[in-house]
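Read off the chains here:
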Amino acid sequence: MEDASQLRPAPELLNISRNYTHANLTPVAEGSDGNVAVQAGVAVTLALITFATTLSNAFVIATIYQSRKLHTPANFLIASLAVTDLLVSILVMPISALYTVSQTWTLGQVMCDIWLSSDITCCTASILHLCVIALDRYWAITDAVEYSKKRTPARAAGMIATAWVIAISISLPPFFWRQVKAEEVTSCNVNSDHIFYTIYSTFGAFYIPTLLLIALYGRIYVEARKRILKQSHNKPGKRLTSAHLITNSPGSVASTTSLNYGTNDSSSCDTTSSPNIGQVKVTVSDALLEKKRISAARERKATKTLGIILGAYIVCWLPFFIYTLLVPVCPSCFYPELFDSFTWLGYLNSLINPIIYTMSNEDFKQAFHKLIRFKCCRA
């Protein structure tokens, strides 16, 4: 989701560099104490967002790693997304926060190259991971029987590798025509005079993945809706009956009766029999229907979660990419503060992803509660 990151230099990709920003804003930026207070407030806010993003994604990774119940191909994809977002919070966001607050680059050319490469690669990989997760979900719903045989950790690893390869292929081209500056570096941008790269990077990092996500989610919603409606129209009556010795375990979801055997006494139907009389519990339950109801509930929840993730992704990144396309048409519409706000709104998506998964998954919730209790006990 994040190619936006260093499409941060979107305006830069469009030849509107930070040099322009710095040259025109320096007199204003060196302002009063009020300006310093605003910068301090922005710095604290960005630091908190960065810390929260790191912590939340690290928690998702640790939860999946520690819980065997979560060791499934689908959750491996979620863990990989969390790793990608964690890299955004470690490699990209801290430096971006410094750059946003100071409005000038002070870390040198080499660090600039590393940061730009990390930004574009990690942010794009994060976006593509959402596509991979949606694609996995789509196959699991539309071709459940066959895909269950193919849904292996190796396949998940292949999908993850594909996402990273595409992300790297988007981040590399600018470095083939990078110009080494002899003077001191005061801005860090993707130096791109190539309109074809601008189109390639923006469409490859956002617009095409977004269209794919919308198409996949639309099909997933339709299929899930069909299953739910089919389930609601099923007639009751498909019952499974079992008999076993009575124990202290609770009854079934349906009805249970106790039968006595080993005697001809007419009172043998009484559940309070003598010690020498064995008792059998006959359990009658809508086992098949109950299983289908549980499955339908899971489908609804999973589909809702995917919809929330898609919505959050679009809300976070759409403003940035619209602004990226607007600036070439209207250069005077470029405002550094607005551009930085849209960039950080995009970064915020790396914080939202783990929160959505944690809140929508009972296993994650339980692990979170265990973690809190463990820390409280140690304290």
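Before reading further, recall that the structure is shown in the block above.
Structural notes, computed from the coordinates. (Residues numbered from 1 in each chain as written. Predicted model: local features only at pLDDT ≥ 70, side-chain atom pairs only at ≥ 80, totals over all residues. Heavy atoms only, no water.)

## Quick word on the pattern of salt bridges
Threshold: Salt bridges are counted wherever a side-chain nitrogen of Lys or Arg sits within 4 Å of a carboxyl oxygen of Asp or Glu. Where helices and strands are cited, they refer to DSSP runs of H or I of at least four residues and of E of at least two residues respectively, numbered from the N terminus.
Summed over the entire model, instances satisfying the criterion amount to two salt bridges. In this structure, R151 engages D136 in a salt bridge whose closest nitrogen and oxygen atoms are separated by 2.6 Å. On the criterion of sequence distance, the pair formed by R151 in the loop between α6 (144–150) and α7 (153–171) and D136 in helix α5 (residues 108–142) is long-range, its members being 15 residues apart. With a shortest N-O distance of 3.8 Å, E146 and K149 are connected by a salt bridge. Residue E146 and its partner K149 are both found in helix α6; the two are separated by three residues, about one turn of the helix.

## Here's the deal with helix α4 (residues 73–102)
In an α-helix, one full turn covers 3.6 residues, which means residues spaced three or four apart are oriented alike. Stated formally: Helices are assigned an expected span. That span is 1.5 Å times one less than the residue count. Note on bend: the value at a residue is the angle between axes fitted to the seven residues ending there and to the seven starting there. Using a 1.4 Å probe on the protein chains alone, a residue whose accessible area is under 20% of its type maximum counts as buried, one over 50% counts as exposed, and one in between counts as partly exposed.
With 30 residues, α4 should reach 44 Å at 1.5 Å per residue; the first-to-last C-alpha distance of 43 Å fits that figure. At V92, α4 shows its maximal kink, close to 40°; a proline, P94, follows between one and four residues later. α4 sits mainly inside the fold: 21 of its 30 residues count as buried. Just downstream of α4 lies Q103, where phi reads positive at about 60°.

## Thoughts on the packing of α5 against helix α11 (residues 349–360)
Note the following rule: Interaxial angles span 0 to 180 degrees and are taken between N-to-C directions of axes, which are lines fitted to C-alpha atoms, for helices over the stretch in contact. By definition in this entry, angles of less than 35 degrees are roughly parallel, angles greater than 145 are roughly antiparallel, angles of 65 to 115 are roughly perpendicular, and the rest are oblique. When the near helix sits turned anticlockwise from the far one by under a right angle, the crossing is termed left-handed; a clockwise turn instead gives a right-handed crossing. It only takes one pair of heavy atoms within 4.5 Å for two residues to be counted as in contact.
Put simply, α5 and α11 touch, their axes get as near as 11 Å, and they point 30° apart. Here α5 is positioned roughly parallel relative to α11, judged by the angle of their axes. Taken as a pair, α5 and α11 cross one another with a handedness that is left-handed. Across the interface between the two elements, S126, L130 and I133 from α5 touch N349, S350, N353 and Y357 from α11.

## Side note on the nonpolar core
Stated formally: Only buried Ala, Val, Leu, Ile, Met, Phe, Trp, Tyr and Cys residues count toward a nonpolar core, and they belong to the same one when joined by side-chain atoms within 4.5 Å.
Ranked by size, the top nonpolar core spans 67 residues in total, and within it W105, W115, Y313, W317 and Y347 carry the most contacts. At the level of secondary structure, the elements contributing two or more residues to this core comprise α3 (33–66), α4, α5, α7, α8 (195–232), α9 (287–329), α10 (336–347) and α11. Of the residues forming this core, the biggest block, 16 residues, is contributed by α5.

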